[in-house]
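Examining the three-dimensional arrangement
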Amino acid sequence: MQRIGLVLKRSEQQAIVLGERMNRFLKECGKEVLVEPSCTELALEWKATATRRITDEADLLVVLGGDGTILRAAALLNAKPIPVLGVNLGRVGFMAEISPDEAIPELKAVLEGTATFVERMLLDVTLPTGKTVRVLNDLVIHWSGIARLIDLGIRMGDSTEIELRADGLIVCTPVGSSAYSYAAHGPLVHPAIEGILLTPICPYAGLKRPLLIPPHLETELILKRGEDLKLTLDGHTTYTLEQGQSLRVGKSPIPFVMVKSRERDYVDVLKEKLGMS
């Protein structure tokens, strides 16, 4: 690995300070450092390269922030599944599970070929326009204004349609099961398991409980009734939906590759972040 991309939560001073340390370490190792165009001033100061094609040009992404910053980095990925080392500077950190103290030792392990990598499932979402977008956590269909019931039809593979009347619907990956879906009383799904989780938001009729389906089943969501509907992807991108439209969700052929912490496992993260004893 020769070219290392740094993706920073720019509003977090700790990310800037740690980024400078990691830049210095990488330069000592003879590596080229890439940053996003929004970090051009830092690039000049650090003697790094600012590029709009960071995910095309980097061999590794180091993300300094929290889960939100990792989701932003995941949205930058194209067809090239480059590994991501996520350093948690936030409050939750289910995905960014590496602590700031572990950051440089884990980065060194990656460069030396001794790090542990894991693959996580992504979802491909085909919009009514035909455009396909990718999510790591979840997609949410919801009202944009006054709270009212939404009527949805859910068709999994070649099966008959299931009705849902609810405030909305969350469709998530196992990684995303610890986010909005969990707050909506969905189950926690171990991220090593592949599946697509459908979690209704305040259901009134039809599908009243979460449903975990196999990853190979492409699911069609049909908007039967509702106005001013929104589709939110990974909490950062929103599209307007109209009655009568539909969208399709399925497993992406591209995995999300992460550097796994060697200091803690999934249960350790659960206990720490959810206050379990």
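Residues numbered from 1 in each chain as written. Predicted model: local features only at pLDDT ≥ 70, side-chain atom pairs only at ≥ 80, totals over all residues. Heavy atoms only, no water.

What follows concerns the overall build of the protein. Looking only at helices and strands, one finds seven helices and 20 strands in the protein. Computed over its C-alpha atoms, the radius of gyration of the protein comes to 20 Å, within 12% of the 19 Å expected for a compact globule of 277 residues. Expressed along its principal axes, the backbone C-alpha trace of the protein runs to roughly 60 × 40 × 35 Å. Counting the 277 residues in the protein, one finds 52% classified as buried. Pairs at least 24 apart in sequence give 65% of the contacts found in the protein among residues at least 6 apart. Carbon and sulfur atoms provide 49% of the accessible area of the protein, an area that totals close to 12,900 Å². The averaged location of the 35 negative side-chain charges in the protein is 1 Å from the averaged location of its 32 positive side-chain charges. (Helix = DSSP H or I, 4+ residues; strand = E, 2+ residues; numbered from the N terminus. Rg over C-alpha atoms; globule rule 2.2 N^0.38 Å. Buried < 20%, exposed > 50% of the residue type's maximum accessible area, 1.4 Å probe, protein only. Contact = heavy atoms within 4.5 Å. Areas by Shrake-Rupley, 256 points an atom, 1.4 Å probe, with all protein chains shown as cover. Lys, Arg positive; Asp, Glu negative; His and termini not counted. Charge placed at Lys NZ, Arg CZ, Asp CG, Glu CD.)

Attention now goes to empty space enclosed by the protein. According to the stated counting rule, one finds one cavity of 30 Å³ or more in the structure shown. Roughly 200 Å³ of internal volume is contained in the largest cavity. Counting only elements with at least two residues in the lining of the largest cavity, the list comes to β6 (116–120), β20 (256–260) and α7 (266–274). No other element matches β20, which puts three residues into the lining of the largest cavity. The class makeup of the residues in the lining of the largest cavity is eleven nonpolar, one polar and four charged. (1 Å grid on protein atoms, 1.4 Å probe; cavity = no way out; pocket = protein on both sides within 12 Å on 5 of 7 lines; lining within 4 Å. Points joined across faces, edges and corners; volume = space filled by probe spheres on them. Nonpolar A, V, L, I, M, F, W, Y, C, P; charged D, E, K, R; others polar.)

Turning our eyes to something else, we now look at the pairing of strand β18 (residues 237–241). When strand β17 (residues 229–233) meets β18, the two strands line up antiparallel, connected through five bridges. From the neighbouring strand, K230 faces β18, where its bridge partner is T240. (Pairing = 2+ DSSP bridges.)

For the rest of this paragraph, the subject is the sheet that holds strand β15 (residues 211–213). Pairing in this open sheet of six strands is antiparallel, and the strands run β15-β13-β12-β9-β17-β18 from one edge to the other. The strands lining the two open edges of the sheet, one partner per strand, are β15 and β18. The average undirected angle you get between the axes of adjacent strands in this sheet is 20°. As paired elements, strand β9 (residues 138–143) and β17 share five bridges and run antiparallel to each other. Pairing of L139 across the sheet is with L233, part of β17. (Axes fitted to C-alpha atoms, helices over the stretch in contact; angles between N-to-C directions.)

Before going further, it helps to spend a moment on helix α4 (residues 67–76). Where α4 is concerned, the buried positions are D67, T69, I70, L71, A73 and A74. Summarising the contacts, the buried residues of α4 are in contact with β1 (3–8), β4 (60–65), β5 (84–88) and β20.

Further remarks concern the sheet that holds strand β19 (residues 246–251). Strand order in this open sheet of seven strands is β8-β7-β19-β16-β10-β11-β14, and the pairing throughout is antiparallel. Two strands close off the open sheet at either side, each with one partner strand: β8 (132–135) and β14 (205–206). Here two bridges tie strand β11 (residues 162–166) to β14, and the two strands are oriented antiparallel to one another. By the bridge assignment for β14, R165 is matched with A205.

As a further point, take the pattern of salt bridges. Scanning the model with the defined rule gives 15 salt bridges in all. Between R262 and E106 there is a salt bridge whose closest N-O contact spans 3.3 Å. Here R262 is found in the loop between β20 and α7, whereas its partner E106 is found in helix α5 (residues 100–112), with 156 residues between them in sequence. Among the ionic pairs, R248 bridges to E218, the shortest N-O distance being 3.6 Å. Of this pair, R248 sits in strand β19 while E218 sits in the loop between β15 and β16 (219–225); the two residues are 30 residues apart in sequence, bridging distant segments of the chain. Overall, R248 belongs to the partly exposed group, its relative accessible area being 37%. Using a relative accessible area of 42% as the deciding quantity, one classes E218 as partly exposed. (Salt bridge = Lys/Arg side-chain N within 4 Å of Asp/Glu carboxyl O.)

Roughly 170 Å³ of volume is contained in the second largest pocket. Lining the second largest pocket, in full, are A74, A75, L77, T132, V133, R134, L233, H236 and T237. When contributions to the lining of the second largest pocket are tallied by element, the ones reaching two or more residues are α4 and β8. Among the elements that make up the lining of the second largest pocket, the one with the highest residue count is β8 (three residues). Class assignment of the residues belonging to the lining of the second largest pocket gives a composition of five nonpolar, three polar and one charged.

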